[in-house]
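Spelled out from the first residue to the last, the chains are:
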Amino acid sequence: MSEAVLMEKIVSLCKRRGFVYPASEIYGGIGNTYDYGPLGVELLRRVKDAWWSAMVREREDVVGLDSAIIQNPKTWVTSGHVGGFSDPMVDCKKCKARFRADKLEDARCPEKPSKKPGQCEGELTEPRAFNLMFETNVGAVKDSSSIAYLRPETAQGIFLNFKNVLESSRLRPPFGIAQIGKSFRNEITPGNFVFRTREFEQAEMEFFVPPGTEHEWFDYWVKERHRWYLDLGIRPERLRIRAHDKDELAHYSNFTSDIEYEYPFGWGELEGVASRTDFDLKRHSEASGVDLVFFDPQTKEHFTPFVIEPAGGVNRIALTLLIDAYDEQKLEDDVRVVLHLHPRVAPITAGILPLVKKEGMPERAKEIGKALRKAGLTTFYDEKAAIGRRYRRMDEVGTPYCITVDGQTLEDNTVTVRLRDSMAQERVAVAGLVAHLEACTAAWTRDAATA
Ligand code: GAP
(Lines give C-alpha, C1' and ligand atoms only; values in the text may rest on other atoms or scores of the structure.)
Protein backbone atom coordinates (compact mmCIF):
# COMPACT_ATOMS: atom_id res chain seq x y z
CA MET A 1 0.00 0.00 0.00
CA SER A 2 1.41 3.44 -0.91
CA GLU A 3 2.07 5.91 1.87
CA ALA A 4 -0.54 8.35 0.52
CA VAL A 5 -3.15 5.60 0.41
CA LEU A 6 -2.35 4.59 3.99
CA MET A 7 -2.88 8.18 5.16
CA GLU A 8 -6.18 8.41 3.24
CA LYS A 9 -7.35 5.18 4.87
CA ILE A 10 -6.53 6.45 8.34
CA VAL A 11 -8.29 9.78 7.77
CA SER A 12 -11.34 7.94 6.46
CA LEU A 13 -11.38 5.43 9.36
CA CYS A 14 -11.08 8.32 11.83
CA LYS A 15 -14.13 10.04 10.37
CA ARG A 16 -16.22 6.90 9.82
CA ARG A 17 -15.66 5.44 13.27
CA GLY A 18 -15.77 8.65 15.29
CA PHE A 19 -12.14 9.41 16.11
CA VAL A 20 -11.64 12.73 14.28
CA TYR A 21 -13.95 15.00 12.29
CA PRO A 22 -13.07 18.15 10.33
CA ALA A 23 -14.09 21.10 12.54
CA SER A 24 -17.09 23.26 11.46
CA GLU A 25 -17.71 20.74 8.73
CA ILE A 26 -21.27 21.82 7.98
CA TYR A 27 -19.91 25.29 7.15
CA GLY A 28 -17.18 23.97 4.90
CA GLY A 29 -14.60 23.51 7.67
CA ILE A 30 -11.83 25.79 8.91
CA GLY A 31 -8.19 25.24 8.00
CA ASN A 32 -6.01 22.90 10.04
CA THR A 33 -8.67 22.45 12.75
CA TYR A 34 -10.37 19.22 13.84
CA ASP A 35 -12.89 17.93 16.36
CA TYR A 36 -12.54 14.65 18.22
CA GLY A 37 -15.47 12.23 18.28
CA PRO A 38 -16.45 9.65 20.92
CA LEU A 39 -13.51 7.32 20.25
CA GLY A 40 -11.07 10.16 19.63
CA VAL A 41 -11.65 11.75 23.03
CA GLU A 42 -11.17 8.38 24.71
CA LEU A 43 -7.88 7.89 22.86
CA LEU A 44 -6.66 11.39 23.80
CA ARG A 45 -7.68 10.84 27.42
CA ARG A 46 -5.72 7.62 27.60
CA VAL A 47 -2.64 9.19 26.03
CA LYS A 48 -2.81 11.95 28.64
CA ASP A 49 -3.32 9.44 31.46
CA ALA A 50 -0.32 7.39 30.33
CA TRP A 51 1.83 10.54 30.09
CA TRP A 52 0.67 11.90 33.45
CA SER A 53 1.30 8.54 35.16
CA ALA A 54 4.82 8.27 33.79
CA MET A 55 5.76 11.92 34.25
CA VAL A 56 4.02 12.84 37.52
CA ARG A 57 2.27 10.10 39.49
CA GLU A 58 5.02 7.50 39.36
CA ARG A 59 7.73 10.03 40.27
CA GLU A 60 8.75 11.78 43.46
CA ASP A 61 10.51 14.62 41.70
CA VAL A 62 7.79 15.98 39.38
CA VAL A 63 4.58 17.82 40.29
CA GLY A 64 1.69 19.02 38.14
CA LEU A 65 0.31 22.42 37.18
CA ASP A 66 -2.62 23.82 35.21
CA SER A 67 -1.86 27.42 34.27
CA ALA A 68 -4.04 29.92 32.38
CA ILE A 69 -4.13 30.03 28.60
CA ILE A 70 -4.20 33.85 28.56
CA GLN A 71 -1.40 35.29 30.68
CA ASN A 72 -0.18 38.85 31.11
CA PRO A 73 1.07 39.80 27.60
CA LYS A 74 4.44 40.80 29.06
CA THR A 75 5.02 37.05 29.40
CA TRP A 76 5.34 36.70 25.64
CA VAL A 77 7.44 39.80 25.17
CA THR A 78 9.90 38.50 27.77
CA SER A 79 9.92 34.93 26.49
CA GLY A 80 10.87 36.19 23.01
CA HIS A 81 7.66 35.02 21.34
CA VAL A 82 6.36 38.49 20.43
CA GLY A 83 9.64 39.33 18.74
CA GLY A 84 10.73 35.98 17.42
CA PHE A 85 8.00 33.33 17.20
CA SER A 86 7.49 33.65 13.49
CA ASP A 87 7.73 31.78 10.22
CA PRO A 88 9.02 33.37 7.00
CA MET A 89 6.02 33.75 4.67
CA VAL A 90 5.60 34.61 1.01
CA ASP A 91 2.40 35.68 -0.77
CA CYS A 92 1.35 34.82 -4.28
CA LYS A 93 0.69 38.14 -6.01
CA LYS A 94 -1.88 36.51 -8.30
CA CYS A 95 -4.10 34.32 -6.09
CA LYS A 96 -3.13 35.99 -2.75
CA ALA A 97 -2.44 32.61 -1.11
CA ARG A 98 0.23 32.63 1.61
CA PHE A 99 2.94 29.98 2.00
CA ARG A 100 5.83 29.25 4.33
CA ALA A 101 8.96 30.29 2.47
CA ASP A 102 10.93 27.38 3.95
CA LYS A 103 8.27 24.77 2.99
CA LEU A 104 7.55 25.69 -0.62
CA GLU A 105 8.61 22.19 -1.68
CA ASP A 106 5.62 20.68 0.19
CA ALA A 107 3.09 23.34 -0.87
CA ARG A 108 0.71 23.40 -3.83
CA CYS A 109 -0.79 26.28 -5.79
CA PRO A 110 -4.51 26.39 -4.77
CA GLU A 111 -5.51 27.21 -8.34
CA LYS A 112 -3.20 24.69 -10.05
CA PRO A 113 -2.62 21.90 -7.51
CA SER A 114 -0.22 20.10 -9.85
CA LYS A 115 2.23 23.05 -9.49
CA LYS A 116 4.25 24.36 -6.59
CA PRO A 117 3.86 28.05 -5.59
CA GLY A 118 5.95 30.22 -7.89
CA GLN A 119 5.94 27.55 -10.61
CA CYS A 120 2.44 28.58 -11.71
CA GLU A 121 1.87 31.98 -13.29
CA GLY A 122 1.80 33.76 -9.89
CA GLU A 123 4.86 35.67 -8.73
CA LEU A 124 5.84 35.36 -5.05
CA THR A 125 6.63 38.29 -2.73
CA GLU A 126 9.87 38.50 -0.75
CA PRO A 127 9.67 36.50 2.54
CA ARG A 128 8.27 38.37 5.58
CA ALA A 129 8.17 37.29 9.23
CA PHE A 130 4.67 36.19 10.24
CA ASN A 131 4.06 35.80 13.98
CA LEU A 132 2.29 32.55 14.86
CA MET A 133 0.59 33.78 18.02
CA PHE A 134 -3.17 34.39 18.02
CA GLU A 135 -4.04 37.84 19.36
CA THR A 136 -7.15 38.63 21.33
CA ASN A 137 -8.36 41.51 23.49
CA VAL A 138 -9.16 41.34 27.17
CA GLY A 139 -11.53 43.67 29.01
CA ALA A 140 -14.16 46.07 27.78
CA VAL A 141 -11.97 48.21 25.53
CA LYS A 142 -10.58 46.89 22.29
CA ASP A 143 -7.35 48.78 21.57
CA SER A 144 -3.62 48.19 21.61
CA SER A 145 -3.53 48.34 25.43
CA SER A 146 -5.93 45.38 25.71
CA ILE A 147 -4.04 43.01 23.38
CA ALA A 148 -3.34 39.57 24.85
CA TYR A 149 -2.25 36.27 23.31
CA LEU A 150 -3.45 32.70 23.32
CA ARG A 151 -0.44 30.77 24.57
CA PRO A 152 1.66 29.12 21.85
CA GLU A 153 3.27 26.76 24.41
CA THR A 154 2.30 25.67 27.92
CA ALA A 155 5.90 26.03 29.14
CA GLN A 156 5.75 29.73 30.02
CA GLY A 157 2.95 29.16 32.55
CA ILE A 158 5.37 26.81 34.31
CA PHE A 159 8.20 29.38 34.41
CA LEU A 160 5.80 32.04 35.76
CA ASN A 161 4.87 29.67 38.60
CA PHE A 162 8.39 28.45 39.37
CA LYS A 163 8.59 30.42 42.64
CA ASN A 164 5.02 29.50 43.71
CA VAL A 165 5.65 25.79 43.21
CA LEU A 166 9.08 25.95 44.84
CA GLU A 167 7.62 27.57 47.95
CA SER A 168 4.45 25.47 48.20
CA SER A 169 5.91 22.06 47.35
CA ARG A 170 9.29 22.45 49.09
CA LEU A 171 10.97 20.61 46.21
CA ARG A 172 14.53 21.50 45.30
CA PRO A 173 16.42 21.06 42.02
CA PRO A 174 16.53 18.63 40.38
CA PHE A 175 12.74 18.65 40.13
CA GLY A 176 10.12 19.13 37.46
CA ILE A 177 6.76 20.78 36.85
CA ALA A 178 4.49 19.10 34.31
CA GLN A 179 1.46 20.41 32.51
CA ILE A 180 -0.99 19.23 29.86
CA GLY A 181 -3.09 21.82 28.08
CA LYS A 182 -4.13 23.51 24.88
CA SER A 183 -1.76 25.68 22.89
CA PHE A 184 -2.54 27.75 19.82
CA ARG A 185 -0.52 28.62 16.73
CA ASN A 186 -1.67 30.29 13.55
CA GLU A 187 -0.12 27.57 11.41
CA ILE A 188 -0.13 28.33 7.69
CA THR A 189 1.46 25.17 6.32
CA PRO A 190 -0.71 22.21 5.25
CA GLY A 191 -1.19 20.22 8.39
CA ASN A 192 -1.03 16.55 7.30
CA PHE A 193 -4.31 15.84 9.10
CA VAL A 194 -3.90 16.33 12.89
CA PHE A 195 -0.09 16.36 12.73
CA ARG A 196 -0.04 20.16 12.59
CA THR A 197 -3.15 22.03 13.69
CA ARG A 198 -3.98 25.53 14.92
CA GLU A 199 -5.05 24.37 18.35
CA PHE A 200 -3.57 21.32 19.96
CA GLU A 201 -2.79 19.89 23.36
CA GLN A 202 0.75 19.88 24.61
CA ALA A 203 2.22 17.66 27.32
CA GLU A 204 5.26 19.50 28.60
CA MET A 205 7.54 19.20 31.59
CA GLU A 206 10.17 21.70 32.70
CA PHE A 207 12.86 19.94 34.71
CA PHE A 208 14.93 22.39 36.81
CA VAL A 209 18.50 21.25 37.48
CA PRO A 210 21.63 22.70 39.11
CA PRO A 211 23.87 24.39 36.50
CA GLY A 212 26.53 21.99 35.29
CA THR A 213 24.24 18.93 35.42
CA GLU A 214 22.18 19.78 32.33
CA HIS A 215 24.03 17.39 30.00
CA GLU A 216 23.43 14.33 32.16
CA TRP A 217 19.76 15.24 32.72
CA PHE A 218 19.28 15.90 29.03
CA ASP A 219 20.59 12.39 28.19
CA TYR A 220 18.39 10.94 30.92
CA TRP A 221 15.20 12.57 29.59
CA VAL A 222 15.88 11.70 25.94
CA LYS A 223 16.22 8.04 26.97
CA GLU A 224 13.16 8.13 29.25
CA ARG A 225 10.91 9.68 26.63
CA HIS A 226 12.12 7.33 23.89
CA ARG A 227 11.42 4.37 26.17
CA TRP A 228 7.90 5.69 26.91
CA TYR A 229 7.02 5.51 23.22
CA LEU A 230 8.44 2.00 22.96
CA ASP A 231 6.43 0.95 26.02
CA LEU A 232 3.29 2.17 24.27
CA GLY A 233 4.06 -0.33 21.54
CA ILE A 234 5.38 1.97 18.81
CA ARG A 235 7.63 0.07 16.42
CA PRO A 236 11.28 0.81 17.26
CA GLU A 237 12.35 0.91 13.61
CA ARG A 238 9.95 3.82 13.02
CA LEU A 239 11.44 5.91 15.84
CA ARG A 240 14.72 7.79 15.83
CA ILE A 241 16.44 10.46 17.88
CA ARG A 242 17.80 13.40 15.90
CA ALA A 243 19.95 16.18 17.34
CA HIS A 244 19.15 19.68 16.05
CA ASP A 245 21.70 21.45 13.92
CA LYS A 246 22.83 24.80 15.36
CA ASP A 247 20.75 26.78 12.84
CA GLU A 248 17.46 25.06 13.75
CA LEU A 249 17.68 25.57 17.52
CA ALA A 250 14.92 27.67 19.11
CA HIS A 251 16.09 31.02 20.49
CA TYR A 252 16.05 29.68 24.06
CA SER A 253 17.95 26.43 23.48
CA ASN A 254 21.64 25.50 23.32
CA PHE A 255 20.94 21.89 22.36
CA THR A 256 17.81 19.93 21.46
CA SER A 257 17.02 16.46 20.20
CA ASP A 258 13.77 15.44 18.58
CA ILE A 259 12.22 12.02 18.93
CA GLU A 260 11.04 11.50 15.38
CA TYR A 261 8.61 9.04 13.82
CA GLU A 262 8.55 7.84 10.24
CA TYR A 263 5.10 9.07 9.15
CA PRO A 264 3.59 8.14 5.78
CA PHE A 265 4.64 11.66 4.71
CA GLY A 266 8.23 11.25 5.97
CA TRP A 267 10.20 11.57 9.20
CA GLY A 268 8.69 14.18 11.53
CA GLU A 269 9.00 15.46 15.08
CA LEU A 270 6.95 13.57 17.59
CA GLU A 271 8.44 15.19 20.67
CA GLY A 272 11.29 17.62 21.35
CA VAL A 273 13.66 17.41 24.29
CA ALA A 274 15.31 20.81 24.70
CA SER A 275 18.01 22.18 26.94
CA ARG A 276 16.55 25.65 27.63
CA THR A 277 19.50 26.75 29.80
CA ASP A 278 18.53 29.42 32.38
CA PHE A 279 17.14 31.63 29.60
CA ASP A 280 13.49 31.77 30.67
CA LEU A 281 13.92 32.11 34.43
CA LYS A 282 16.58 34.81 34.01
CA ARG A 283 14.52 36.78 31.49
CA HIS A 284 11.37 36.64 33.65
CA SER A 285 13.42 37.61 36.72
CA GLU A 286 14.82 40.65 34.95
CA ALA A 287 11.51 41.71 33.38
CA SER A 288 9.30 41.22 36.44
CA GLY A 289 11.76 42.26 39.11
CA VAL A 290 10.88 39.06 41.04
CA ASP A 291 13.91 37.00 42.00
CA LEU A 292 13.55 33.54 40.40
CA VAL A 293 16.72 32.21 41.96
CA PHE A 294 16.99 29.06 44.07
CA PHE A 295 18.68 29.33 47.44
CA ASP A 296 20.15 26.11 48.75
CA PRO A 297 20.05 26.33 52.56
CA GLN A 298 22.57 23.49 52.88
CA THR A 299 25.31 24.88 50.66
CA LYS A 300 24.18 28.54 51.13
CA GLU A 301 24.44 28.85 47.36
CA HIS A 302 22.15 30.93 45.12
CA PHE A 303 21.65 29.77 41.54
CA THR A 304 19.24 30.05 38.62
CA PRO A 305 18.40 26.47 37.62
CA PHE A 306 18.98 25.23 34.10
CA VAL A 307 16.01 23.59 32.41
CA ILE A 308 15.53 20.39 30.44
CA GLU A 309 12.19 20.28 28.67
CA PRO A 310 10.56 17.18 27.17
CA ALA A 311 7.66 18.60 25.11
CA GLY A 312 5.21 16.43 23.20
CA GLY A 313 1.87 17.00 21.50
CA VAL A 314 -1.05 14.85 22.67
CA ASN A 315 -2.81 14.95 19.30
CA ARG A 316 0.38 14.10 17.46
CA ILE A 317 1.01 11.18 19.81
CA ALA A 318 -2.55 9.94 19.20
CA LEU A 319 -2.07 10.23 15.41
CA THR A 320 1.24 8.39 15.66
CA LEU A 321 -0.36 5.57 17.66
CA LEU A 322 -3.13 5.22 15.05
CA ILE A 323 -0.72 5.17 12.10
CA ASP A 324 1.63 2.76 13.82
CA ALA A 325 -1.19 0.44 14.88
CA TYR A 326 -2.94 0.27 11.48
CA ASP A 327 -2.77 -3.11 9.81
CA GLU A 328 -4.59 -4.94 7.04
CA GLN A 329 -4.43 -8.72 7.28
CA LYS A 330 -5.35 -11.01 4.43
CA LEU A 331 -7.54 -13.82 5.75
CA GLU A 332 -8.94 -16.70 3.70
CA ASP A 333 -12.15 -14.95 2.72
CA ASP A 334 -11.59 -11.42 3.86
CA VAL A 335 -9.22 -8.56 4.60
CA ARG A 336 -9.20 -7.72 8.28
CA VAL A 337 -8.49 -4.08 9.24
CA VAL A 338 -7.08 -4.03 12.73
CA LEU A 339 -5.54 -1.41 15.01
CA HIS A 340 -2.89 -3.05 17.19
CA LEU A 341 -3.17 -0.32 19.83
CA HIS A 342 -1.71 -0.99 23.24
CA PRO A 343 -4.71 -2.06 25.36
CA ARG A 344 -3.85 0.80 27.75
CA VAL A 345 -4.68 3.39 25.11
CA ALA A 346 -7.42 1.59 23.15
CA PRO A 347 -10.60 3.74 23.32
CA ILE A 348 -12.78 0.70 24.09
CA THR A 349 -11.29 -2.03 26.27
CA ALA A 350 -13.95 -4.68 25.80
CA GLY A 351 -16.71 -5.33 23.28
CA ILE A 352 -19.67 -6.99 24.97
CA LEU A 353 -21.38 -9.28 22.51
CA PRO A 354 -24.32 -11.64 23.15
CA LEU A 355 -24.01 -14.53 20.67
CA VAL A 356 -27.70 -14.19 19.76
CA LYS A 357 -30.37 -11.65 20.56
CA LYS A 358 -32.53 -14.04 22.61
CA GLU A 359 -32.61 -16.64 25.42
CA GLY A 360 -31.53 -14.13 28.06
CA MET A 361 -28.08 -13.56 26.49
CA PRO A 362 -28.50 -9.77 25.93
CA GLU A 363 -29.56 -9.28 29.55
CA ARG A 364 -26.63 -11.33 30.93
CA ALA A 365 -24.21 -9.54 28.56
CA LYS A 366 -25.44 -6.14 29.77
CA GLU A 367 -24.92 -7.19 33.40
CA ILE A 368 -21.36 -8.25 32.63
CA GLY A 369 -20.73 -4.98 30.77
CA LYS A 370 -22.01 -3.00 33.77
CA ALA A 371 -19.67 -4.88 36.12
CA LEU A 372 -16.68 -4.20 33.84
CA ARG A 373 -17.51 -0.49 33.64
CA LYS A 374 -17.78 -0.37 37.43
CA ALA A 375 -14.27 -1.79 37.56
CA GLY A 376 -13.09 1.12 35.38
CA LEU A 377 -13.02 -0.55 31.94
CA THR A 378 -14.63 1.02 28.88
CA THR A 379 -17.08 -1.24 27.10
CA PHE A 380 -19.18 -1.22 23.96
CA TYR A 381 -22.31 -3.33 23.72
CA ASP A 382 -23.20 -4.69 20.28
CA GLU A 383 -25.90 -7.20 19.44
CA LYS A 384 -26.37 -6.35 15.75
CA ALA A 385 -25.14 -8.57 12.90
CA ALA A 386 -23.29 -11.89 12.84
CA ILE A 387 -20.64 -12.39 15.51
CA GLY A 388 -17.79 -12.38 12.94
CA ARG A 389 -18.83 -8.96 11.64
CA ARG A 390 -19.07 -7.63 15.18
CA TYR A 391 -15.52 -8.84 15.90
CA ARG A 392 -14.33 -7.01 12.78
CA ARG A 393 -16.00 -3.79 13.87
CA MET A 394 -14.15 -3.99 17.17
CA ASP A 395 -10.82 -4.87 15.46
CA GLU A 396 -11.08 -1.79 13.27
CA VAL A 397 -11.19 0.54 16.30
CA GLY A 398 -8.52 -1.37 18.21
CA THR A 399 -10.67 -3.01 20.92
CA PRO A 400 -8.30 -5.58 22.43
CA TYR A 401 -10.94 -7.91 23.97
CA CYS A 402 -14.36 -9.14 22.90
CA ILE A 403 -16.47 -10.83 25.54
CA THR A 404 -19.01 -13.20 24.03
CA VAL A 405 -21.95 -14.35 26.07
CA ASP A 406 -23.43 -17.63 24.83
CA GLY A 407 -25.61 -20.53 26.00
CA GLN A 408 -22.82 -21.91 28.18
CA THR A 409 -22.56 -18.57 30.02
CA LEU A 410 -26.09 -19.02 31.30
CA GLU A 411 -25.20 -22.50 32.61
CA ASP A 412 -21.71 -22.11 34.12
CA ASN A 413 -21.07 -18.34 34.25
CA THR A 414 -18.10 -18.39 31.87
CA VAL A 415 -17.64 -16.27 28.74
CA THR A 416 -15.47 -16.41 25.65
CA VAL A 417 -12.69 -13.82 25.57
CA ARG A 418 -11.56 -13.24 22.02
CA LEU A 419 -8.21 -11.50 21.60
CA ARG A 420 -7.95 -8.83 18.88
CA ASP A 421 -4.36 -9.47 17.80
CA SER A 422 -4.22 -13.27 17.58
CA MET A 423 -8.00 -13.80 17.23
CA ALA A 424 -7.50 -16.61 19.78
CA GLN A 425 -10.44 -17.42 22.02
CA GLU A 426 -10.43 -18.67 25.57
CA ARG A 427 -13.03 -19.55 28.17
CA VAL A 428 -12.89 -17.40 31.30
CA ALA A 429 -15.02 -17.38 34.47
CA VAL A 430 -17.00 -14.14 34.83
CA ALA A 431 -15.81 -13.90 38.45
CA GLY A 432 -12.18 -13.60 37.29
CA LEU A 433 -12.81 -11.58 34.14
CA VAL A 434 -11.53 -8.16 35.27
CA ALA A 435 -8.33 -9.67 36.72
CA HIS A 436 -7.83 -11.71 33.54
CA LEU A 437 -8.17 -8.67 31.25
CA GLU A 438 -5.87 -6.61 33.45
CA ALA A 439 -3.25 -9.38 33.32
CA CYS A 440 -3.52 -9.55 29.51
CA THR A 441 -3.06 -5.75 29.31
CA ALA A 442 -0.03 -5.85 31.62
CA ALA A 443 1.56 -8.63 29.54
CA TRP A 444 0.82 -7.04 26.12
CA THR A 445 3.77 -6.32 23.83
CA ARG A 446 3.74 -5.14 20.26
CA ASP A 447 6.05 -7.95 19.16
CA ALA A 448 3.78 -10.66 20.55
CA ALA A 449 0.73 -8.92 19.12
CA THR A 450 1.99 -8.94 15.57
CA ALA A 451 4.12 -12.09 15.64
N1 GAP B 1 7.75 24.38 24.71
C2 GAP B 1 8.47 23.86 23.59
C3 GAP B 1 7.63 23.69 22.41
O4 GAP B 1 6.51 24.15 22.35
P5 GAP B 1 7.59 22.61 20.04
O6 GAP B 1 8.56 21.66 19.40
O7 GAP B 1 7.20 23.81 19.27
O8 GAP B 1 8.24 22.98 21.44
C9 GAP B 1 6.36 20.64 21.23
O10 GAP B 1 6.28 21.80 20.43
C11 GAP B 1 5.46 19.56 20.65
O12 GAP B 1 4.13 20.07 20.49
C13 GAP B 1 5.87 19.07 19.27
O14 GAP B 1 6.84 18.06 19.36
C15 GAP B 1 4.55 18.52 18.73
O16 GAP B 1 4.33 17.20 19.21
C17 GAP B 1 3.53 19.46 19.36
N18 GAP B 1 3.14 20.50 18.40
C19 GAP B 1 3.79 21.64 18.13
N20 GAP B 1 3.12 22.36 17.21
C21 GAP B 1 2.03 21.64 16.89
C22 GAP B 1 0.93 21.84 15.99
N23 GAP B 1 0.81 22.95 15.27
N24 GAP B 1 -0.01 20.88 15.91
C25 GAP B 1 0.07 19.75 16.65
N26 GAP B 1 1.06 19.52 17.51
C27 GAP B 1 2.04 20.44 17.64
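Each residue is numbered by its place in its chain's sequence as written, counting from 1. Confidence filtering applies because this is a predicted model: local features only for residues at pLDDT of at least 70, side-chain atom pairs given and counted only at 80 or more, and all residues used for totals across whole chains, interfaces and linings. To obtain the side-chain values, all non-hydrogen atoms of the structure were used and water was disregarded.

## Details of the site of the ligand
Around the ligand sit 21 residues in total, of which E153, R185, E187, E204 and E269 are the nearest. By the criterion applied in these results, polar contacts are pairs of N or O atoms within 3.5 Å in which, for protein atoms, one can donate a hydrogen and the other can accept it, and in which residues neighboring in sequence qualify only through two side-chain atoms. Taking L270, its main chain carries an N or O atom lying 3.0 Å from an oxygen atom of the ligand. Take E309: an N or O atom from its side chain is 2.9 Å from a nitrogen atom of the ligand. Sort the elements by how many residues they give to the shell around the ligand and strand 13 (residues 266-277) lands first, with 5 residues. By the convention adopted, Pro, Cys, Tyr, Trp, Phe, Met, Ile, Leu, Val and Ala count as nonpolar, Lys, Arg, Asp and Glu as charged, and the other residues, Gly among them, as polar. In terms of residue class, the shell around the ligand is built from 6 nonpolar, 5 polar and 10 charged. What makes a residue near a molecule or strand is one non-hydrogen atom of that residue sitting within 4 Å of it. The numbering of helices and of strands both runs from the N terminus, where a helix is a DSSP run of H or I of at least 4 residues and a strand a run of E of at least 2.

## What about the environment of Q298?
With respect to the helices, strands and loops of the structure, Q298 is situated in the loop between strand 14 (294-296) and strand 15 (301-303). A 1.4 Å probe rolled over the protein chains alone gives each residue an accessible area, and that area as a share of the maximum for its type sets the label: buried under 20%, exposed over 50%, partly exposed in between. A relative accessible area of 65% means that Q298 is categorised as exposed. Among the polar contacts made by the side chain of Q298, one reaches the side chain of R172 at a distance of 3.1 Å.

## A few points about the packing of helix 2 (residues 38-57) against helix 7 (residues 214-231)
Where helix 2 contacts helix 7, the two axes come as close as 12 Å, and the packing angle between them is 145°. Relative to helix 7, the crossing made by helix 2 is right-handed. The segment helix 2 lies against helix 7, with V47, A50, W51, A54 and M55 engaging W221, R225 and W228. The residue makeup of the contact of helix 2 with helix 7, split by class, is 7 nonpolar, no polar and 1 charged. The convention used is that axes are lines fitted to C-alpha atoms, helices contributing only their stretch in contact, and that angles between N-to-C directions extend from 0 to 180 degrees. Put simply, a crossing is left-handed when the front helix is turned counterclockwise from the back one by less than a right angle, and right-handed when it is turned clockwise. Residue contacts are counted whenever heavy atoms from the two residues lie within 4.5 Å of one another.

## So, the side chain of R17
Structurally, the position occupied by R17 is in the loop between helix 1 (3-16) and strand 1 (20-22). On the accessibility criterion, R17 (15% relative accessible area) is buried. From its side chain, R17 meets the backbone oxygen of R393 in a polar contact 3.0 Å long. Side chain to side chain, R17 and E396 meet in a polar contact 2.8 Å long. Apart from the residues within four sequence positions on either side, R17 is in contact with L39, R393, E396 and V397.

## Quick word on the domain arrangement of the protein chain
Domains assigned within the protein chain are domain 1 (38-74 + 153-322) and domain 2 (336-449). Marked domain ranges trace back to an automatic or database domain assignment. If you average the C-alpha positions of domain 1 and of domain 2, the two centres end up 37 Å apart. For any pair of parts, buried area is found by adding up, for both, the accessible area (1.4 Å probe) each one loses once the two are put together. For the pairing of domain 1 and domain 2, the buried interface totals around 1100 Å² over both sides, and the portion due to carbon and sulfur atoms is 65%. If you sort the residues of domain 1 by the area they bury against domain 2, L39, R46 and L232 come out on top, with a joint share of 44%. Any Lys or Arg side-chain nitrogen found within 4 Å of a carboxyl oxygen on Asp or Glu counts as a salt bridge. At the boundary of domain 1 with domain 2, the tally comes to 0 salt bridges. The tally of links from domain 1 across to domain 2 stands at 3 residue pairs in polar contact (both at pLDDT 80 or more). Looking at which element gives the most residues to the side of domain 1 that touches domain 2, the answer is helix 2, with 7 residues. A breakdown of the residues in the side of domain 1 that touches domain 2 according to their chemical character gives 7 nonpolar, 2 polar and 4 charged.

## So, a nonpolar patch on the surface
Here the term patch refers to residues with relative accessible area over 30% and no salt bridge, with like charges joined within 9 Å and nonpolar side chains (Val, Leu, Ile, Met, Phe, Trp, Tyr) within 5 Å. All accessible areas in this document rest on Shrake-Rupley with a 1.4 Å probe, and a residue is counted as covered only by the protein chains that are shown. A surface patch of nonpolar side chains, about 210 Å² in accessible area, is lined by I69, I70 and V138. For V138, the location among the structural elements is in the loop between strand 7 (135-137) and strand 8 (147-149).

## Brief notes about the pattern of salt bridges
Throughout the structure, instances matching the rule amount to 40 salt bridges. A salt bridge links R46 to E42; the shortest N-O distance between them is 2.6 Å. Placement of the pair is R46 and E42 together in helix 2, with a separation of 4 residues, close to one helical turn. Residue E309 pairs with R276 through a salt bridge whose shortest N-O separation is 2.8 Å. Residue E309 is located in strand 16 (residues 306-313), and its partner R276 is located in strand 13; the two are separated by 33 residues in the primary sequence. Its relative accessible area of 0% is what places R276 among the buried residues.

## Considering the packing of helix 2 against helix 9 (residues 314-325)
The N-to-C vectors of helix 2 and helix 9 enclose an angle of 110°; their axes lie 9 Å apart at closest approach. Taken together, the axes of helix 2 and helix 9 are roughly perpendicular relative to one another. On helix 9, the residues touching L43, L44, V47 and K48 of helix 2 are V314, N315, I317, A318, L321 and L322. By residue class, the composition of the contact of helix 2 with helix 9 is 8 nonpolar, 1 polar and 1 charged. By definition in this entry, angles of less than 35 degrees are roughly parallel, angles greater than 145 are roughly antiparallel, angles of 65 to 115 are roughly perpendicular, and the rest are oblique.

## Describing the packing of aromatic side chains
Between two aromatic rings, the relevant description is the distance of the centres plus the angle of the planes. Aromatic pairing here means that ring centres of Phe, Tyr or Trp (its six-membered ring) are within 6.5 Å. Orientation follows from the plane angle: under 30 degrees is stacked, over 60 is edge-to-face, and everything else is tilted. In total, this model carries 17 aromatic pairs according to the counting rule given. Each ring, one from F207 and one from W221, has its centre 5.4 Å from the other, and the planes form 65°; the classification is edge-to-face. Taken together, the residues F207 in strand 10 (residues 199-209) and W221 in helix 7 connect sequence positions 14 residues apart. Comparing F207 with W221, the two get one shared label, buried. Plain terms: the ring middles of F218 and F255 are 4.9 Å apart, the flat faces sit at 90° to each other, and that makes the pair edge-to-face.

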